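Notes for the structure review
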Amino acid sequence: MKKALFTLVILFLFSGVIFAQTEQAVNKEKPHQQDLLNEVYVSYGMGSLYYYINVNSGGNWSWTGIGSFIVGYTRSMNKIIGVGFQLAYTPLSAKYTYNSSSTKNYNYIQALARIKFQYLNKPTFAMYSGIAIGVSMDYYSESGSGSTGSSSKQELAPAAQLTLLGFRVGRGGAFCGEFGIGTLSIINLGVSIKFGQ
């Protein structure tokens, strides 16, 4: 009788431990993306306004650009508004059509303050718009043959970006993209990490 009672007590305690572990596993739900307040993202963009302005500035230059490399941070103030900053690097180069040894190089380093308006906020999907304003430092150099020689300078230029449509797919780690117009890009795609509840 004592053995049977001892066995029942052991089984009762063991089933309680199993039930508690199962309950903890069920209650341990992944956090929703809207509950994570800090976001860091890296993206690659194409179609900077700097490129289009230089291409259409006239002259006999053949322009090439590899796009913009963007890093940013956003802090959610509430479920709709987020504030943060963006840093970007946008290189452009040009060769003179009639003399390929004459070249121009523009290296834009941009710093922008940003505000984001999130109008769709689901556990694993978000859509938003935004605006960013800042400055850009242009590290410009020109080289040529003959009497033109070579020169370099640095100039400040305005920088701005209007995000018409942005999206984020995922919870903590996610895929993100934006469509808009500005000195960063017309379209950019990248990855995002959210953390901090």
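Residues numbered from 1 in each chain as written. Predicted model: local features only at pLDDT ≥ 70, side-chain atom pairs only at ≥ 80, totals over all residues. Heavy atoms only, no water.

The next subject is the pairing of strand β1 (residues 38-46). Two strands pair when backbone bridges link them, and β1 and strand β3 (residues 68-76) are joined in this way by 8 bridges, in the antiparallel orientation. When the bridges of β3 are listed, Glu39 appears paired with Thr74. With 9 bridges connecting them, β1 and strand β9 (residues 187-195) associate as antiparallel partners. Within the sheet, the bridge partner assigned to Asn38 lies in β9 and is Phe195. (Pairing = 2+ DSSP bridges. Helix = DSSP H or I, 4+ residues; strand = E, 2+ residues; numbered from the N terminus.)

Here the focus is the nonpolar core. Of all hydrophobic cores here, the largest spans 15 residues; its most connected members are Tyr50, Trp63, Leu92, Tyr106, Tyr108, Leu112 and Leu184. Counting residues per element, the ones that place at least two in this core are β2 (61-65), β4 (81-96), β5 (99-121), β6 (125-143) and β7 (150-170). (Core = buried A, V, L, I, M, F, W, Y, C linked by side-chain atoms within 4.5 Å. Buried < 20%, exposed > 50% of the residue type's maximum accessible area, 1.4 Å probe, protein only.)

Glancing now at the layout of surface pockets. To find leftover empty space, a probe the size of one water molecule is rolled over the atoms. In this model, the largest pocket occupies a volume close to 160 Å³. Looking at the largest pocket, it is lined by 16 residues, and the ones nearest its centre are Ser76, Asn78, Lys79, Gln118 and Lys194. When residues of the lining of the largest pocket are traced back to their parent elements, those giving at least two are β1, β3, β4 and β5. Considering each element in turn, the lining of the largest pocket owes the most residues, 3 residues, to β5. Of the residues assigned to the lining of the largest pocket, the class counts are 4 nonpolar, 8 polar and 4 charged. (1 Å grid on protein atoms, 1.4 Å probe; cavity = no way out; pocket = protein on both sides within 12 Å on 5 of 7 lines; lining within 4 Å. Points joined across faces, edges and corners; volume = space filled by probe spheres on them. Nonpolar A, V, L, I, M, F, W, Y, C, P; charged D, E, K, R; others polar.)

Judged by which residues are buried, β9 turns out to be one-sided: Asn188, Gly190, Ser192 and Lys194 face inward and are buried, whereas Ile187, Leu189, Val191, Ile193 and Phe195, on the alternate face, are not. One ladder, built from 7 bridges, connects strand β8 (residues 173-182) with β9; its direction is antiparallel. Along β9, the bridge assignment pairs Phe175 with Val191. Connecting β8 to the antiparallel partner β9 that follows it, the hairpin turn spans 4 residues.

Any aromatic ring pair is given by two values, namely how distant the centres are and how the planes are angled relative to each other. On inspection of all chains with the given rule, the structure shows 9 aromatic pairs. Both rings, one in Tyr106 and one in Tyr140, keep their centres 4.8 Å apart while their planes meet at 50 degrees; by these two values the pair is tilted. Residue Tyr106 is found in strand β5, and its partner Tyr140 is found in strand β6; the two are separated by 34 residues along the sequence. Taking relative accessible area as the criterion, Tyr106 reaches 11% and is therefore assigned buried. (Phe/Tyr/Trp six-rings, centres within 6.5 Å; stacked < 30°, edge-to-face > 60°.)

As enumerated under the stated definition, the model contains 1 cavity of 30 Å³ or more in all. What the largest cavity holds in volume is close to 90 Å³. Considering the residues around the largest cavity, the lining is formed by 14 residues, among which Tyr41, Arg114, Tyr128, Glu178 and Asn188 are closest to the centre. Of all the elements in the fold, those that place two or more residues in the lining of the largest cavity are β1, β5 and β8. Per-class residue counts for the lining of the largest cavity are 5 nonpolar, 5 polar and 4 charged.

To continue, consider the pattern of salt bridges. Throughout the structure, instances matching the rule amount to 5 salt bridges. Lys79 is paired through a salt bridge with Asp35; the nearest N and O atoms lie 3.6 Å apart. Residue Lys79 is located in the loop between β3 and β4, and its partner Asp35 is located in the loop between α1 (2-27) and β1; the two are separated by 44 residues in the primary sequence. Salt bridges here are not isolated pairs; linked through shared partners, they connect Glu39, Lys116 and Arg168. (Salt bridge = Lys/Arg side-chain N within 4 Å of Asp/Glu carboxyl O.)

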